[in-house]
Amino acid sequence: MPRFAYVNGRYVHHPHATVHIEDRGYQFADGVYEVVPVHGGKMIDEDPHLDRLEHSLRELRIGLPTSRTALKMILRELLRRNGVVNGLLYIQITRGVAPRDHKFPQGAKPALVVTTKRTKPTATALVENGVRVITIPDIRWKRCDIKSVSLLPNVLGKQRAVEAGAFEAWQVDEKGLVTEGTSTNAWIVTKDGVLVTRNANEAILNGITRQAVIRLTNEAGVTFEERPFSVAEAKEAREAFLTSSSGHVLPITRIDDTVVGDGKPGPVTRRLRAAYLDYIAA
Ligand code: PMP
């Protein structure tokens with residue numbers, strides 16, 4: 001367990017870190033969060049993560065409780081205090097504490113909590129064999145671009161995946177098009193060799209890993225298209241993979257009961273994974 005958490009202006013011992021029962025994050029899921037990966041003691045893509053945090057806050061009209069500069073200092077101080085070399089920083093901001101009432105409270109101060117988690121490298125078996133995803137209906141709201149703490153559909157979806165012996169669940173919209181995983185973005189290399197990931201709009205979270213991998217597609221020497229793809233197209237694809245801050249680029253070798261390509265992680269996935277690992281190491 002990490003030693004310290006940052007809670008509203010103080011570094012407190014993690015076992016004693018608490019928020020008020022009338023925090024609107026607890027009452028209404030009225031808050032947002034952000035997860036910044038840490039590699040070799042350094043944050044990866046800190047500014048893009050903070051940009052996305054500010055986007056989420058702006059869309060919900062919650063103020064940033066500290067300046068960006070102060071927040072950056074808090075993140076560094078917590079990493080230092082907890083001795084995190086490889087792991088994740090969680091930043092959570094809610095609309096604050098106020099007597100329960102749906103409408104925005106007058107004068108509540110946004111609440112800020114920062115925690116850390118150490119992580120181990122992704123298990124070699126997952127990287128070498130690839131993982132399985134199942135497909136489930138996307139039952140989320142229409143603003144998935146906001147990284148809201150309201151994660152119930154994602155929680156239920158991930159649990160369905162686990163109970164099905166899969167790694168992740170791909171959520172599918174009413175047109176049969178894949179939106180994204182419960183905590184990952186979805187990619188395929190079509191049967192014609194085109195790399196495809198869904199365009200980022202209000203239907204998905206615009207993953208920071210997704211954006212980094214898009215910048216690396218040139219190096220992979222493949223044609224790239226940002227557009228939705230169907231479950232049927234994915235099941236006929238040569239390759240599939242997922243991206244996220246914690247899993248980086250992870251091959252998918254089975255979608256429901258369909259084997260993807262030859263059942264092994266494909267060359268484009270492997271090249272992009274290597275390119276992404278080089279990028280974070282640099
Ligand atoms: N989609 C969802 C729903 C997520 O929760 C995450 C994880 N934050 C992602 C995609 C991947 O985003 P990132 O690459 O920024 O971790």
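Residues numbered from 1 in each chain as written. Predicted model: local features only at pLDDT ≥ 70, side-chain atom pairs only at ≥ 80, totals over all residues. Heavy atoms only, no water.

Visitor: Could you give an account of the overall build of the protein chain, with specific residues and numbers?
Guide: Broken down by element type, the protein chain carries eight helices and 15 strands. Compactness check: the protein chain gives a C-alpha radius of gyration of 19 Å against a globular reference of 19 Å for 282 residues, within 12% of the reference. C-alpha atoms of the protein chain, sized along the principal axes, occupy 55 × 40 × 35 Å. Counting over 282 residues, the protein chain shows a buried share of 49%. (Helix = DSSP H or I, 4+ residues; strand = E, 2+ residues; numbered from the N terminus. Rg over C-alpha atoms; globule rule 2.2 N^0.38 Å. Buried < 20%, exposed > 50% of the residue type's maximum accessible area, 1.4 Å probe, protein only.)

Visitor: Before we move on, could you go through the side chain of arginine 132 and cite the residues and values that matter?
Guide: Relative to the helices and strands, arginine 132 resides in strand β7 (residues 131-137). What makes arginine 132 buried here is its relative accessible area of 16%. The contact partners of arginine 132, leaving out residues within four places of it in the chain, are Ala164, Gly165, Ala166, Phe167, Glu168, Arg254, Asp256 and Asp257. (Contact = heavy atoms within 4.5 Å.)

Visitor: Give me the sheet that holds strand β1 (residues 4-7): which residues, what numbers.
Guide: Ordered in space as β2-β1-β6-β5-β3-β4, the six strands form an open sheet in which the pairing is antiparallel. The open sheet has two edge strands, β2 (10-13) and β4 (42-43), and neither has a second partner. Pairing geometry for strand β3 (residues 31-39) and strand β5 (residues 87-94), over eight bridges, is antiparallel. When the bridges of β5 are listed, valine 35 appears paired with tyrosine 90. Against the sheet, helix α2 (residues 46-60) engages β3, β4 and β5, with an angle of about 175° to β3. (Pairing = 2+ DSSP bridges. Axes fitted to C-alpha atoms, helices over the stretch in contact; angles between N-to-C directions.)

Visitor: Quick one: what's the story with the side chain of aspartate 45, residue by residue and with numbers?
Guide: Structurally, the position occupied by aspartate 45 is in the loop between β4 and α2. One buried charged residue, aspartate 45, remains without a salt bridge, the closest side chain of opposite sign being arginine 215 at 4.1 Å. Among the polar contacts listed, one links the side chain of aspartate 45 to the side chain of tyrosine 279, at a separation of 2.4 Å. Excluding its chain neighbours within four sequence positions, the residues that come into contact with aspartate 45 are Ile208, Ala212, Arg215 and Tyr279. (Lys, Arg positive; Asp, Glu negative; His and termini not counted. Salt bridge = Lys/Arg side-chain N within 4 Å of Asp/Glu carboxyl O. Polar contact = N/O pair within 3.5 Å; in protein donor to acceptor, adjacent residues only side chain to side chain.)

Visitor: How would you sum up the environment of serine 150? Please name residues and give values.
Guide: For serine 150, the position within the fold is in the loop between β7 and α5 (152-163). Given the relative accessible area of 42%, serine 150 is considered partly exposed. Taking the C-alpha atoms as reference, serine 150 lies 19 Å from leucine 50; in sequence the two are 100 residues apart.

Visitor: Explain the site of the ligand to me, and be specific about the residues and the numbers.
Guide: The immediate surroundings of the ligand are formed by 18 residues, with Lys147, Glu180, Ile208, Thr209 and Ser245 found nearest. Here an oxygen atom of the ligand and a side-chain polar atom of arginine 52 are 2.9 Å apart. The backbone of isoleucine 208 places a nitrogen or oxygen atom 2.8 Å from an oxygen atom of the ligand. Expressed as a share of its isolated accessible area of 380 Å², the protein-covered part of the ligand is 93%. When its residues are assigned to classes, the shell around the ligand shows three nonpolar, twelve polar and three charged. (Near = heavy atom within 4 Å. Areas by Shrake-Rupley, 256 points an atom, 1.4 Å probe, with all protein chains shown as cover. Nonpolar A, V, L, I, M, F, W, Y, C, P; charged D, E, K, R; others polar.)

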